[in-house]
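Listed here are the chains, written in short residue letters.
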Amino acid sequence: EADLKWFVYQDYDSFLDPDMWQFYGPDLTQPLELYDETKLFRVKRLIAAFKKQLNLTKSHDGLAKATSLDAIYLLPTHIRVMLWRDGYDLLMYTLPRETTFEALKDLVEGDLQEPGVFAKFDCGPPENKFAPGKSFATVFPPTTVGVSHTWA
């Protein structure tokens, strides 16, 4: 598990937990028919069987290009957040994509035991920065699995 330090999920149980993944279609919408066909409770077994069948020990690029009309994406429901600031250790969290700015502020200030120290985590596209009232899901597309930025 030490090899998973920089991944979204840092333990194998999270990788195999079907609640930690979300299916998306080619346009990154969630295809409801896919749930009916495979059922989420089967995802853990399907992934394990596929890895065993192909003897996969490392991640490999998918065969379908990202622009393929046949692509189906299995993406994390969480996002890896790395916060940098002079005078502080690197803070690393795996958080649900629905986490709001306010929740991240409370988490950081609680961990550091310094109320009021967190005011800004200015990441995201120029026209849609992560700020009060926003969540990671409203700022970053589903294909974003990690965010690393300075904070103030």
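Chemist: So what's going on with the overall build of the chain? Which residues, and what values?
Modeler: Check the secondary structure of the chain and you find 5 helices and 5 strands. Its helices and strands taken in sequence order, the chain reads α-β-α-α-β-β-β-α-α-β from the N to the C terminus. Put simply, the chain has 152 residues, and 32% of those count as buried.

Chemist: Talk me through the pairing of strand β4 (residues 91-96); I want residue IDs and the actual numbers.
Modeler: In this structure, strand β3 (residues 78-84) lies alongside β4, joined through 6 bridges in antiparallel fashion. Of the residues in β4, the one forming a bridge with V81 is Y93. Here β3 hands over to β4 after 6 residues, with G87 in that stretch at a positive phi of 90 degrees.

Chemist: Give me the lowdown on the packing of aromatic side chains, citing residues and values where you can.
Modeler: If you walk through the whole model with that rule in mind, you get 11 aromatic pairs. Geometrically, the ring pair formed by Y9 and F15 is edge-to-face, given 6.0 Å between the ring centres and 90 degrees between the ring planes. Summarising the aromatic geometry, the rings of Y88 and W151 are spaced 5.1 Å apart at their centres and angled 55 degrees between planes, so their arrangement reads as tilted. Taken together, the residues Y88 in the loop between β3 and β4 and W151 in the segment after β5 (146-150) connect sequence positions 63 residues apart. The exposure class assigned to W151 is buried, which follows from its relative accessible area of 4%. Each residue in the set Y88, F101, F118, F121, F130, F136, F140 and W151 is aromatic and connected to the rest through ring pairs, giving one cluster. Against the face of W151 rests R85, its NZ or CZ located 4.5 Å from the ring centre.

Chemist: Could you give an account of the pattern of salt bridges, naming the residues involved and the relevant values?
Modeler: Counted according to the given criterion, the structure contains 2 salt bridges. Among the salt bridges present, the one from E109 reaches K105, with a minimum N-O distance of 2.5 Å. One end of the pair, E109, and the other, K105, are both in helix α4 (residues 101-112), 4 residues apart, so they sit about a helical turn from each other. Under the relative-accessibility criterion, E109 is labelled buried at 12%. The salt bridge involving K120 is made with D122; its shortest N-O contact spans 3.9 Å. You can call K120 partly exposed: its relative accessible area is 44%. A relative accessible area of 27% means that D122 is categorised as partly exposed.

Chemist: Give me unusual backbone geometry: which residues, what numbers.
Modeler: Residues other than glycine seldom take positive phi values, yet Q113 does so here, at roughly 55 degrees. Following the sequence through the fold, Q113 ends up in the loop between α4 and α5 (136-139). Looking at Q113, the relative accessible area reads 69%, which means it is exposed.

Chemist: Give me the sheet that holds β4: which residues, what numbers.
Modeler: Here we have 3 strands laid out as an open sheet, ordered β4-β3-β5, and mixed in their pairing. This sheet does not close on itself; its edge strands, each paired only once, are β4 and β5. Strand-to-strand, the axes of this sheet are offset by a mean angle of 20 degrees, without reference to chain direction. One ladder, built from 5 bridges, connects β3 with β5; its direction is parallel. Opposite M82, over in β5, you have S148 as the bridge partner.

Thresholds, definitions, all that
Residues numbered from 1 in each chain as written. Predicted model: local features only at pLDDT ≥ 70, side-chain atom pairs only at ≥ 80, totals over all residues. Heavy atoms only, no water. Helix = DSSP H or I, 4+ residues; strand = E, 2+ residues; numbered from the N terminus. Buried < 20%, exposed > 50% of the residue type's maximum accessible area, 1.4 Å probe, protein only. Pairing = 2+ DSSP bridges. Phe/Tyr/Trp six-rings, centres within 6.5 Å; stacked < 30°, edge-to-face > 60°. Lys NZ or Arg CZ within 6 Å of the ring centre and 35° of its normal. Salt bridge = Lys/Arg side-chain N within 4 Å of Asp/Glu carboxyl O. Axes fitted to C-alpha atoms, helices over the stretch in contact; angles between N-to-C directions.

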